[in-house]
Every structure is written in C-alpha cells, then in structure tokens.
Amino acid sequence: MSNPYKIDWNEYAALARQAVAEGCVLLKNDDKALPIRKGERVSVFGRIQFDYYKSGTGSGGAVNTRYVTNILDALKENKDISVNEELEQTYRDWLKDHPFEKGMGWAQEPWCQEEMPVTKELAEQAAAKSDIAVVIIGRTAGEDKDNSAAEGSYLLTAAEHQMLKEVCGAFKRVAVLLNVGNIIDMKWVKEYDPAAVLYVWQGGQEGGAGAADVLTGTVTPCGKLSDTIALDISDYPSTEGFGDPTRVIYKEDIYVGYRYFETFAKDCVLYPFGYGLSYTTFTRTVESFDFDGETVTEKVTVKNTGDVQGKEVVTVFVEAPQGKLGKAARSLAAFAKTETLQPGESETLTLTFPIANLASYDDSGVTGHRFCYVLESGAYNVYTGGCVRGAKLSGSFEVKGDTVTRTCVQACAPVTKFDRMVNHNNTIAFEPAPQREYDMAARSAAALKPAKPYTGDKGIKLGDVFDGKAELEDFVAQLSDEDLICLMRGEGMNSPKVTAGTAGAFGGVTENLVNFGIPTACCADGPSRHSYGLRHRRVQPAERHLACLHL
C-alpha cells in the first residue's frame, strides 16, 4: 500500500511548471509575434537568461533547491527551435569577468545584476542570423531590502535602456520577458515598441521551463494582472508615504489598486486590473442572471473562437450605490477560469456571490449602525467580462433598505490622527479617520480567564496531557512565573537549542521546562527557514505569480 503522505516530486514539479506557465501575463503581442514558431532561430539577450530569479530575497528566498531551470536552458531543450549559440557564447565570455553579485550578507543582494552592454553592431549581427529576439530583464527584492523608485529596481537601468534600444532597432520581432516579483515601470514599452511583452514573474525552480512553454506555444498564456499598472509610480496614492522611516499612513482607506484607479484616475492606467492576452480568442456570453434576494448567480458561456487551445477567465464586478459610506466605482465579486478549450469548444461557468459580501464597515456611525457591516439601499449594477475595463453590464438588483449583515465592536482603530480618502461624487476628498475609543489593556484583561493558582510540581508531564491522563490547566498550574516567562519569551535568532539562522526557539528553553516534558520548538519565519541545515527543498512560484494564475 502506497504512503498517501509521500509527495511524488515529479508530479510536484510538473504541477509547478504548469502553474508557472498559466500565471505568465502577456501584455502585448503585435502581429502574433509569439509564440516562437517551429524551425525558427532565437537570439536571447540579457544576463538573466543564465541567472533566473526563482524568488525574492530574505526569509522567502534563501531556500536550498536541487535545481533551478533558467529560461535559456529550457529553450535549448526544445528541439523545434534553435538558439543563437554565438550570441550565447558572447554572454558567457563576458560573464567570466562579471559574475553574479550575491552581496555580502543578509539583505545585501542588489535589486538587479550588471547588464552586458549591447552595441548596435552586436544586435544587427544577431538579427541577421535570427527570426526573433527574446530580451530578459530581471529584478529581485525582499526582507530588509524592499523595492525603490530607483534605477535598477522599479526603473530600468541605463544599460537596459540601451539594450532595448539596440535590439528593438535591429529586430522586427522582439519579445521582452520580465523575471520580476512585482510590476515595474512600463513607460519603456511605448518608447521602444517591442512586439511582445510578457511578465514571467518569479516562478520557483521550474520557472524557466514554464516560461519557455509559453514562449514556444506549448502553453497558451492565460494569466491576468493582479495589479493595476499605472503610467507612473507617482500615480499610485501610496507612493507619497511609502518607506517613511517613522510612520506609514494608509490614507487610501478602501481605495487601493483598481478600486482607486477606476474611481478617481482612469486616465492614469496603462494596463488595468485583470488584463492579460492570449494566443487565441474567446467570446463570453451571459446565459442567465438570477438574484434570489441574497445571492447573485450568473451562468456564462466561454467559447474558444481562435485556432489554438487555451483557457480564459471570467470576472464579475459590482458597482454599488454611493450611499453614506462611499464606494469604489467597481468591486470584484466573483471570478472563474475555464478548463483548456480546444478551438471551437465551449464551457459554461457558474459564478455566484452573496450580496452580503458587498456590505461596508461603518466605523463612524454615519448610517446609524456604528461598528457594523451595512449593505446600503439602492441599485447595484453587475458587470461581467475579462479585465475591469472590459466587463459589461450583465444585470442589476436592488436593496430596499439599509441592511446590517454583521455586528462588530471597534477593533484596531488608529490612535494617531490622520485624514483618510473618501469618495465625494467620484472626486477625491478627505475626512478625519475615527480614533480608538477603548482601552486595549482593559479589554484584554476583561477577556482573560482566571488562571488556576500555582501548585508547584505535581509530577504531571506534557505527555500526560497528550495521552489524556491529565488536564492542560493542571499541567500549566505547575509552572512558576519564571517558567511561564521563559516559555513565552523563548530565545532569539541563532539560539543553539534549534537550527541556527531561524527566528528563535520557544518551549523547552530551560532545564526546568525540559524536565516538565516540554520540547524545544524552532520558529520558522519564512519558507527559507524550513531548509536551514537541509540539502534540498522545492520552491513553487511566488505569490503574485500564483495570483495571476488564479485570477
């Protein structure tokens, strides 16, 4: 009998590779520049073709892996295309004197790597021997070294600008791949006008293979943006206070991402939330729209009208009445993705959402229901389609009167005064954010159960509790105040009692606690900590990559 808990690592790798490919987001594909056709010759530019970023840095990045597949090697494994090996050797020769810079210690790895200069002559020589150029640009960031609105991070470097200028000037077909963990400035797309632009994100150890599957058409791209890409970083309202060393004010309130841009700044958007192209085409037909007073249900038929297979996403947004609380112009209510559809094939998706999900929290009492989620009265319009801009009106329903969907108490209210963003007739306005009106210490004390008096050692071990021979309260009553303090405080990073480099040790950190049968526990503050001291672990695609896959 097979072990149901044993992971089939080959199956894991195949699933990760599929996730990588389906999470890639195609932003531009003029004249069907991609996929690379059978028999074509490819010139690959950019040093990241050799040094694929599987993940960011920090606690999520320092994971020991058996392998990481880069994009160049994955392309070379495809026998239906050929790679410009002369250009590859030019890069390899340059890399001998320009190795990958890892930095000296924690959070010291640079956001990007030095890029090989690309001259007009080099680009033209490659173009004479190739059908298409693939340019790969990479970025990383992580704990203690977040992104910055600087060259080499959010912005391109001078060497990257030069590379794009020369390659796009020499080749008729250029596909730019972005091996990044987050969106970056995209103004260069208009400046250099590459035929194709593909976010391949940071796809873990199978990242290069999944990206190559999309480049060669083995997988049709079906990822959708989980972000809004604006014209300039200054267009994001959070930019003003980002990275403040003293205090970060979240003045945007609910107007974050697409909810901000669709409400107040539609003209500042380059690529809207949910955007993503395919190698094929689809139609979406709303077959039915039903509202039973509590739940909206739609049936939407998606048909592949193109000439290659692919998957497609259907999204549902709601435009709620402004009421007294104020709302974003659009709010995502539901989404679904088809299975792989062959040319001419259709699938009907059922999308549903309870209207209670559309309620807003009243923290000021303006509706008369303070500290409650309130579904305000009025007409609610439902839009169905692809990205937030492409969704069309598919139905509507009305709420007759304000409805409280959930009653709460004030919690996590700010203690520092600031003004928050509000919607005033689709124009940005500000109002004072409500402040905390309760005593946190008093509330916490009132919620505590009375502790059983200290009894001293009664011979109860933690294993006795596990075996059901003793109650946990009786076990804890044996511990002195010093024992409890040591149990909760633990020891910090690099404690010799656990694996070095982890965030800390808790539990049996003293001899007395160990005598009570309490084991020492290692606190892992990120995926890399699970691989400390271990030879190999697996790395799946990064969070944003997976978000684009599912959306």
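A.B. asks: Can you lay out the overall build of the chain for me, pointing to particular residues and giving the numbers?
C.D. replies: Broken down by element type, the chain carries 14 helices and 22 strands. Along the first, second and third principal axes, the C-alpha atoms of the chain reach 85 × 65 × 55 Å. Expressed as a percentage of its 551 residues, the buried residues of the chain come to 46%. For the chain, the share of sequence-separated contacts (at least 6 apart) that also reach a separation of at least 24 residues comes to 69%. With the model as given, the accessible surface of the chain reaches about 27800 Å², and the carbon-plus-sulfur share is 51%. When the 58 basic and 75 acidic side-chain charges of the chain are each reduced to a single mean position, those positions are 2 Å apart.

A.B. asks: How would you sum up the nonpolar core? Please name residues and give values.
C.D. replies: Within the largest apolar cluster, 82 residues are counted, with the highest numbers of intra-cluster contacts made by Phe45, Leu178, Met186, Trp188 and Tyr199. Here this core takes six residues from strand 4 (residues 132–138), the largest share from any one element. The residues contacting tyrosine 199, other than those within four sequence positions of it, are Cys24, Val25, Leu27, Leu178, Val180, Asn182, Ile183, Ile184, Met186 and Ile229. Residues Phe282, Ala320, Phe397 and Val399 belong to the second largest nonpolar core, which totals 22 residues.

A.B. asks: Which residues make up the packing of helix 1 (residues 9–23) against helix 14 (residues 543–550), and what are the values?
C.D. replies: For any two helices packed against each other, the geometry is given by the interaxial angle and the distance between the axes. Orientation of helix 1 relative to helix 14, taken along the N-to-C sense of each, is 70 degrees, at an axis distance of 8 Å. Compared by their axis directions, helix 1 and helix 14 come out roughly perpendicular. Listed contacts from helix 14 to Ala19, Val20, Glu22 and Gly23 of helix 1 are His545, Leu546, Cys548 and Leu549.

A.B. asks: Summarise the sheet that holds strand 10 (residues 295–304); cite the residues concerned and give the values.
C.D. replies: Taking strand neighbours across the sheet as the criterion, the three strands line up as 9-10-13 in an open arrangement whose pairing is antiparallel. With partners counted over all chains shown, the strands left at the sheet margins are strand 9 (282–291) and strand 13 (346–354), one partner each. For this sheet, the mean angle separating the axes of adjacent strands, direction not counted, is 20 degrees. Where strand 9 lies against strand 10, nine bridges are found, and the strand directions are antiparallel. Bridge pairing links phenylalanine 282 to asparagine 304 in strand 10.

A.B. asks: Please provide a residue-by-residue account of the pattern of salt bridges, values included.
C.D. replies: One pass over the full model with this rule turns up 27 salt bridges. With its nearest N and O atoms 2.7 Å apart, the salt bridge here joins glutamate 160 to arginine 139. Taken as a pair, glutamate 160 in helix 5 (residues 158–170) and arginine 139 in the loop between strand 4 and helix 5 lie far apart in primary sequence, 21 residues in all. Taking relative accessible area as the criterion, arginine 139 reaches 2% and is therefore assigned buried. By sharing partners, the salt bridges in this structure join Asp253, Asp363, Arg420 and Glu431 into a single network.

A.B. asks: Just give me the short version of the packing of aromatic side chains, but keep the residues and values in it.
C.D. replies: To describe a pair of aromatic rings, one takes the distance between the centres and the angle between the planes. By the definition in use, this model includes 17 aromatic pairs. Aromatic pair tyrosine 380 and phenylalanine 397: ring centres 5.1 Å apart, planes at 5 degrees, arrangement stacked. A residue pair is termed long-range when its members are at least 10 positions apart, and tyrosine 380 in strand 16 (residues 378–385) and phenylalanine 397 in strand 17 (residues 392–399) qualify at 17 residues. A relative accessible area of 0% means that tyrosine 380 is categorised as buried. The exposure class assigned to phenylalanine 397 is buried, which follows from its relative accessible area of 5%. Among the aromatic residues, those joined into a cluster by ring pairs are Tyr236, Tyr255, Tyr260, Phe261 and Phe264. Seen from the ring of tryptophan 111, lysine 145 lies directly overhead, with NZ or CZ sitting 4.7 Å from the centre. In this arrangement the basic side chain of arginine 330 is found over the ring face of tyrosine 383, its NZ or CZ atom lying 3.8 Å from the centre.

A.B. asks: Give a detailed account of the sheet that holds strand 18 (residues 403–407), specifying residues and quantitative values.
C.D. replies: Ordered by their spatial adjacency, three strands build an open sheet running 14-15-18, and the pairing between neighbours is antiparallel. Of all the strands in the sheet, the pair left with one neighbour each is strand 14 (360–362) and strand 18. The average undirected angle you get between the axes of adjacent strands in this sheet is 40 degrees. Examined bridge by bridge, strand 15 (residues 372–375) and strand 18 share four bridges and lie antiparallel to one another. Looking at the pairing, cysteine 372 lines up with threonine 407 of strand 18.

A.B. asks: Could you give me a rundown of helix 4 (residues 120–128), with the residues and numbers involved?
C.D. replies: Among all positions in helix 4, only Leu122, Ala123, Ala126 and Ala127 are buried. Within helix 4, the buried residues cover an arc of 135 degrees as seen down the axis, which keeps them to one side. Exposed side chains of helix 4 directed beyond 90 degrees from the buried face belong to Lys120, Glu121 and Ala128. Taken together, the buried residues of helix 4 touch strand 2 (41–45), helix 3 (85–95) and helix 5.

A.B. asks: Please give an account of the side chain of threonine 280 that cites residues and values.
C.D. replies: Mapped onto the fold, threonine 280 is located in the loop between strand 8 (269–271) and strand 9. Of note is the side chain of threonine 280, whose polar atom sits 2.7 Å from the side chain of asparagine 304. Engagement of the side chain of threonine 280 in a polar contact is seen with the backbone oxygen of valine 308, the distance being 3.3 Å. With near-sequence residues (within four places) excluded, threonine 280 lies in contact with Thr220, Asn304, Gly306, Asp307, Val308, Gln309 and Gly310.

What counts as what
- Positions within a chain are numbered from 1, following the residues in the order the chain's sequence is written.
- For a predicted model such as this one, the threshold for reporting local features is a pLDDT of at least 70, and the threshold for listing and counting side-chain atom pairs is 80 or more; totals across whole chains, interfaces and linings nevertheless cover every residue.
- Water and hydrogen atoms play no part in the side-chain values, which are based on all heavy atoms of the structure.
- A run of DSSP states H or I qualifies as a helix once it reaches four residues; a run of E qualifies as a strand once it reaches two. Both are numbered from the N-terminal end.
- Under the scheme applied here, a residue whose accessible area is under 20% of the maximum for its type counts as buried, over 50% as exposed, and between as partly exposed, the area being computed with a 1.4 Å probe on protein chains only.
- What makes two residues a contact is simply this: any of their non-hydrogen atoms within 4.5 Å.
- What sets the accessible areas is the Shrake-Rupley method with a 1.4 Å probe; for residues, cover comes only from the shown protein chains.
- His is not counted, nor are the chain ends; Lys and Arg add positive charge and Asp and Glu add negative charge.
- Just so you know, the charge point we use is NZ for Lys, CZ for Arg, CG for Asp and CD for Glu.
- The term nonpolar core refers to a set of buried residues drawn from Ala, Val, Leu, Ile, Met, Phe, Trp, Tyr and Cys, joined through side-chain atoms within 4.5 Å.
- For helices, the fitted axis covers only the stretch in contact; all axes are lines through C-alpha atoms, and the angles between them, taken along N-to-C directions, range from 0 to 180 degrees.
- Our angle categories are set so that under 35 degrees counts as roughly parallel, over 145 as roughly antiparallel, 65 to 115 as roughly perpendicular, and the remainder as oblique.
- In this scheme, strands are said to pair when DSSP sees at least two bridges between them.
- A pairing counts as a salt bridge when a side-chain nitrogen of Lys or Arg comes within 4 Å of a carboxyl oxygen of Asp or Glu.
- Note on aromatic contacts: the rings of Phe and Tyr and the six-membered ring of Trp form a pair at centre separations within 6.5 Å, being stacked when their planes are under 30 degrees apart, edge-to-face when over 60 apart, and tilted otherwise.
- Any Lys NZ or Arg CZ that is within 6 Å of a ring centre and within 35 degrees of that ring's normal is treated as a charge sitting over the ring.
- Working note: the arc is built from the helix axis to C-beta atom directions.
- For the purposes of these results, a polar contact is taken to be a pair of N or O atoms within 3.5 Å, where, inside protein, one atom must be able to donate a hydrogen and its partner to accept one; residues adjacent in sequence count only when each atom of the pair is a side-chain atom.

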